[in-house]
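# Remarks on the overall topology
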Amino acid sequence: DFLQARVTASAPTIESATAKVRVRVEPGRRFTIADIVFEGASRVPAQTLLTESALVPGTPFDPAAVDAARQRIVTFYRREGFASATVNVRQVPRDEAAGVAVAFDIDEGPRQVVAEPDVEGSRGVDADVVTRALDLQINQPLAADARLEARRRVFDARLFRRVDVAAEPVGASTPDAATHPMRVRVIVQPWP
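The structure contained in this document is the topic of the report that follows. Everything numeric in this text was worked out from a predicted model, so none of it was measured. (Residues numbered from 1 in each chain as written. Predicted model: local features only at pLDDT ≥ 70, side-chain atom pairs only at ≥ 80, totals over all residues. Heavy atoms only, no water.)

As for its placement among the helices and strands, isoleucine 138 is situated in the loop between helix H3 (127–134) and helix H4 (144–156). Judged by its relative accessible area of 44%, isoleucine 138 falls in the partly exposed class. Sequence separation between isoleucine 138 and proline 181 is 43 residues, and the spatial gap between their C-alpha atoms is 9.3 Å. When sequence neighbours within four positions are dropped, the list of residues in contact with isoleucine 138 reads Val114, Ala115, Glu116 and Pro117. (Helix = DSSP H or I, 4+ residues; strand = E, 2+ residues; numbered from the N terminus. Buried < 20%, exposed > 50% of the residue type's maximum accessible area, 1.4 Å probe, protein only. Contact = heavy atoms within 4.5 Å.)

Given below as C-alpha coordinates:
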(Lines give C-alpha, C1' and ligand atoms only; values in the text may rest on other atoms or scores of the structure.)
Protein backbone atom coordinates (compact mmCIF):
# COMPACT_ATOMS: atom_id res chain seq x y z
CA ASP A 1 0.00 0.00 0.00
CA PHE A 2 2.81 2.42 0.84
CA LEU A 3 4.63 2.66 -2.46
CA GLN A 4 6.52 5.83 -1.52
CA ALA A 5 7.75 4.69 1.88
CA ARG A 6 11.26 5.80 2.81
CA VAL A 7 13.47 4.24 5.43
CA THR A 8 16.70 5.83 6.62
CA ALA A 9 19.11 4.51 9.21
CA SER A 10 21.65 6.54 11.13
CA ALA A 11 25.20 5.45 11.74
CA PRO A 12 25.43 3.08 14.70
CA THR A 13 26.47 4.48 18.06
CA ILE A 14 28.21 2.16 20.45
CA GLU A 15 27.69 2.42 24.19
CA SER A 16 29.33 -0.26 26.32
CA ALA A 17 28.62 -3.52 24.51
CA THR A 18 25.49 -2.25 22.77
CA ALA A 19 25.16 -0.78 19.30
CA LYS A 20 22.21 1.51 18.64
CA VAL A 21 20.89 2.36 15.20
CA ARG A 22 18.14 4.88 14.76
CA VAL A 23 15.75 3.97 11.97
CA ARG A 24 13.39 6.57 10.58
CA VAL A 25 10.36 5.43 8.59
CA GLU A 26 8.33 7.82 6.48
CA PRO A 27 5.38 5.82 5.14
CA GLY A 28 4.25 8.36 2.56
CA ARG A 29 0.78 8.16 1.12
CA ARG A 30 -1.21 4.95 1.09
CA PHE A 31 -1.94 3.83 -2.48
CA THR A 32 -5.24 2.32 -3.57
CA ILE A 33 -6.39 0.51 -6.69
CA ALA A 34 -7.38 3.34 -9.04
CA ASP A 35 -8.98 1.39 -11.86
CA ILE A 36 -8.96 -2.09 -13.36
CA VAL A 37 -8.96 -2.82 -17.09
CA PHE A 38 -8.94 -6.03 -19.12
CA GLU A 39 -7.18 -5.68 -22.45
CA GLY A 40 -7.43 -8.38 -25.10
CA ALA A 41 -10.53 -10.04 -23.63
CA SER A 42 -13.00 -10.27 -26.50
CA ARG A 43 -15.11 -13.33 -25.64
CA VAL A 44 -15.58 -12.83 -21.91
CA PRO A 45 -17.32 -9.69 -20.59
CA ALA A 46 -15.17 -7.33 -18.51
CA GLN A 47 -17.73 -7.46 -15.68
CA THR A 48 -17.32 -11.24 -15.47
CA LEU A 49 -13.53 -10.87 -15.31
CA LEU A 50 -13.83 -8.15 -12.66
CA THR A 51 -16.01 -10.46 -10.56
CA GLU A 52 -13.55 -13.34 -11.01
CA SER A 53 -10.61 -11.11 -10.07
CA ALA A 54 -12.26 -10.14 -6.75
CA LEU A 55 -10.46 -6.77 -6.92
CA VAL A 56 -12.34 -3.60 -6.03
CA PRO A 57 -11.30 -0.10 -7.12
CA GLY A 58 -10.61 2.12 -4.13
CA THR A 59 -9.29 -0.65 -1.88
CA PRO A 60 -5.69 -0.56 -0.65
CA PHE A 61 -3.21 -1.66 -3.30
CA ASP A 62 -1.50 -4.97 -2.52
CA PRO A 63 0.78 -6.59 -5.14
CA ALA A 64 0.09 -10.06 -3.69
CA ALA A 65 -3.68 -9.53 -4.06
CA VAL A 66 -3.18 -8.45 -7.68
CA ASP A 67 -1.14 -11.58 -8.41
CA ALA A 68 -3.80 -13.75 -6.76
CA ALA A 69 -6.41 -12.02 -8.95
CA ARG A 70 -4.34 -12.83 -12.04
CA GLN A 71 -4.27 -16.49 -11.03
CA ARG A 72 -8.05 -16.51 -10.46
CA ILE A 73 -8.57 -15.12 -13.97
CA VAL A 74 -6.28 -17.80 -15.48
CA THR A 75 -8.22 -20.47 -13.57
CA PHE A 76 -11.51 -19.05 -14.86
CA TYR A 77 -10.27 -19.18 -18.46
CA ARG A 78 -9.10 -22.79 -18.04
CA ARG A 79 -12.49 -23.71 -16.59
CA GLU A 80 -14.17 -22.15 -19.63
CA GLY A 81 -12.14 -24.22 -22.12
CA PHE A 82 -9.39 -21.71 -22.98
CA ALA A 83 -6.50 -24.13 -22.48
CA SER A 84 -3.78 -21.79 -23.75
CA ALA A 85 -4.99 -18.48 -22.29
CA THR A 86 -2.31 -16.26 -20.78
CA VAL A 87 -2.79 -13.33 -18.40
CA ASN A 88 -0.14 -10.74 -17.58
CA VAL A 89 -0.48 -7.75 -15.27
CA ARG A 90 0.74 -4.18 -15.64
CA GLN A 91 0.63 -1.97 -12.57
CA VAL A 92 0.95 1.76 -13.25
CA PRO A 93 1.31 4.00 -10.18
CA ARG A 94 -0.38 7.41 -10.41
CA ASP A 95 1.45 9.60 -7.93
CA GLU A 96 -0.93 12.54 -8.21
CA ALA A 97 -3.91 10.41 -7.16
CA ALA A 98 -2.07 7.98 -4.85
CA GLY A 99 -3.53 5.19 -6.92
CA VAL A 100 -2.37 2.28 -9.05
CA ALA A 101 -4.00 1.43 -12.37
CA VAL A 102 -4.11 -2.36 -12.79
CA ALA A 103 -4.25 -3.63 -16.36
CA PHE A 104 -4.65 -7.30 -17.17
CA ASP A 105 -3.25 -8.14 -20.62
CA ILE A 106 -5.12 -11.22 -21.79
CA ASP A 107 -4.44 -13.51 -24.72
CA GLU A 108 -7.48 -15.77 -24.72
CA GLY A 109 -6.30 -18.15 -27.40
CA PRO A 110 -8.71 -20.64 -28.94
CA ARG A 111 -11.55 -22.13 -26.94
CA GLN A 112 -11.77 -25.92 -26.88
CA VAL A 113 -15.30 -27.27 -27.27
CA VAL A 114 -16.70 -30.79 -27.28
CA ALA A 115 -17.17 -32.02 -30.86
CA GLU A 116 -17.81 -35.73 -30.51
CA PRO A 117 -17.18 -38.64 -28.17
CA ASP A 118 -15.22 -41.66 -29.42
CA VAL A 119 -15.52 -44.81 -27.27
CA GLU A 120 -13.05 -47.68 -27.64
CA GLY A 121 -12.84 -51.04 -25.90
CA SER A 122 -16.36 -51.25 -24.53
CA ARG A 123 -16.83 -54.85 -25.76
CA GLY A 124 -20.17 -56.18 -24.36
CA VAL A 125 -21.25 -52.70 -23.14
CA ASP A 126 -23.07 -50.40 -25.56
CA ALA A 127 -21.02 -47.28 -26.39
CA ASP A 128 -24.14 -45.14 -25.74
CA VAL A 129 -23.97 -46.15 -22.08
CA VAL A 130 -20.47 -44.65 -21.91
CA THR A 131 -21.50 -41.54 -23.88
CA ARG A 132 -24.44 -40.89 -21.53
CA ALA A 133 -22.20 -41.38 -18.48
CA LEU A 134 -19.72 -38.86 -19.87
CA ASP A 135 -22.48 -36.22 -19.75
CA LEU A 136 -20.54 -33.84 -22.02
CA GLN A 137 -22.62 -31.57 -24.23
CA ILE A 138 -21.64 -31.00 -27.88
CA ASN A 139 -20.28 -27.46 -28.55
CA GLN A 140 -19.84 -26.77 -24.82
CA PRO A 141 -16.44 -25.71 -23.39
CA LEU A 142 -14.07 -28.59 -22.71
CA ALA A 143 -11.98 -27.86 -19.65
CA ALA A 144 -9.49 -30.19 -17.99
CA ASP A 145 -11.66 -30.58 -14.90
CA ALA A 146 -14.67 -31.43 -17.13
CA ARG A 147 -12.69 -34.33 -18.59
CA LEU A 148 -11.76 -35.53 -15.10
CA GLU A 149 -15.38 -35.36 -13.95
CA ALA A 150 -16.52 -37.21 -17.10
CA ARG A 151 -13.94 -39.94 -16.41
CA ARG A 152 -15.16 -40.23 -12.81
CA ARG A 153 -18.80 -40.57 -13.95
CA VAL A 154 -17.92 -43.40 -16.37
CA PHE A 155 -15.78 -45.12 -13.74
CA ASP A 156 -18.55 -44.76 -11.14
CA ALA A 157 -20.85 -46.82 -13.40
CA ARG A 158 -18.73 -49.77 -12.17
CA LEU A 159 -18.80 -51.40 -15.59
CA PHE A 160 -15.11 -50.93 -16.29
CA ARG A 161 -11.91 -51.58 -14.38
CA ARG A 162 -10.06 -48.90 -16.31
CA VAL A 163 -11.23 -45.65 -17.91
CA ASP A 164 -8.99 -43.20 -19.79
CA VAL A 165 -10.31 -39.94 -21.20
CA ALA A 166 -8.30 -37.72 -23.53
CA ALA A 167 -9.07 -34.91 -25.95
CA GLU A 168 -7.67 -34.42 -29.43
CA PRO A 169 -8.41 -31.86 -32.14
CA VAL A 170 -10.95 -32.81 -34.80
CA GLY A 171 -9.47 -32.24 -38.24
CA ALA A 172 -7.00 -29.47 -38.97
CA SER A 173 -7.80 -26.27 -37.10
CA THR A 174 -6.26 -23.05 -38.29
CA PRO A 175 -3.95 -21.43 -35.73
CA ASP A 176 -6.07 -18.27 -35.57
CA ALA A 177 -9.42 -20.06 -35.21
CA ALA A 178 -11.38 -18.85 -32.19
CA THR A 179 -12.74 -22.32 -31.45
CA HIS A 180 -11.07 -25.73 -31.60
CA PRO A 181 -13.52 -28.64 -31.78
CA MET A 182 -12.15 -31.54 -29.73
CA ARG A 183 -12.88 -35.26 -29.97
CA VAL A 184 -13.23 -36.80 -26.52
CA ARG A 185 -11.55 -40.20 -26.80
CA VAL A 186 -12.65 -42.65 -24.12
CA ILE A 187 -10.77 -45.93 -23.80
CA VAL A 188 -12.37 -48.37 -21.40
CA GLN A 189 -11.42 -51.81 -20.20
CA PRO A 190 -14.36 -53.89 -18.96
CA TRP A 191 -14.17 -56.25 -16.05
CA PRO A 192 -13.47 -59.84 -17.19
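Now that the structure has been shown, the text picks up again.
Across the sheet, 3 strands lie side by side as S5-S7-S6; this open sheet has mixed pairing. Two strands bound the open sheet, and with one partner strand each, they are strand S5 (32–39) and strand S6 (86–94). When strand polarity is set aside, the average angle formed by the axes of neighbouring strands in this sheet is 20°. Bridge count for S6 against strand S7 (residues 99–107) is 9 bridges, and the pairing is antiparallel. (Pairing = 2+ DSSP bridges. Axes fitted to C-alpha atoms, helices over the stretch in contact; angles between N-to-C directions.)

The next thing to look at is the sheet that holds strand S8 (residues 111–120). An order of S8-S10-S9 is seen for the 3 strands of this open sheet, with the pairing classed as mixed. Strands with a single pairing partner mark the edges of an open sheet, and in this sheet they are S8 and strand S9 (160–169). Across the sheet, the axes of successive neighbouring strands diverge by a mean angle of 25°, strand direction being ignored. Here H3 sits on the sheet and contacts S8, S9 and strand S10 (179–190); the angle it forms with S8, its principal contact strand, is near 150°. Its contacts with the sheet place H4 against S8, S9 and S10, and it is angled at close to 150° to S9.

Before going further, it helps to examine the pairing of S7. Taken across its 9 residues, S7 has 7 buried, putting it largely inside the fold. When S5 meets S7, the two strands line up parallel, connected through 7 bridges. Residue pairing in the sheet places valine 37 in a bridge with alanine 103 of S7.

Our focus in this paragraph is the pattern of salt bridges. For the structure on display, the rule yields 15 salt bridges. Residues arginine 70 and aspartate 67 are paired through a salt bridge, measuring 3.4 Å at the closest nitrogen-oxygen approach. Here arginine 70 and its partner aspartate 67 are both found in helix H2 (residues 63–79), 3 residues apart, which amounts to about one turn of the helix. For aspartate 67, a relative accessible area of 44% translates into the label partly exposed. Two residues, arginine 162 and aspartate 164, come together in a salt bridge whose shortest N-O distance is 3.0 Å. Classification of arginine 162 by relative accessible area gives partly exposed; the value is 46%. For aspartate 164, a relative accessible area of 30% translates into the label partly exposed. Here the salt bridges do not stand alone but share partners, grouping Glu116, Asp118, Glu120, Glu168, Arg183 and Arg185 into one network. (Salt bridge = Lys/Arg side-chain N within 4 Å of Asp/Glu carboxyl O.)

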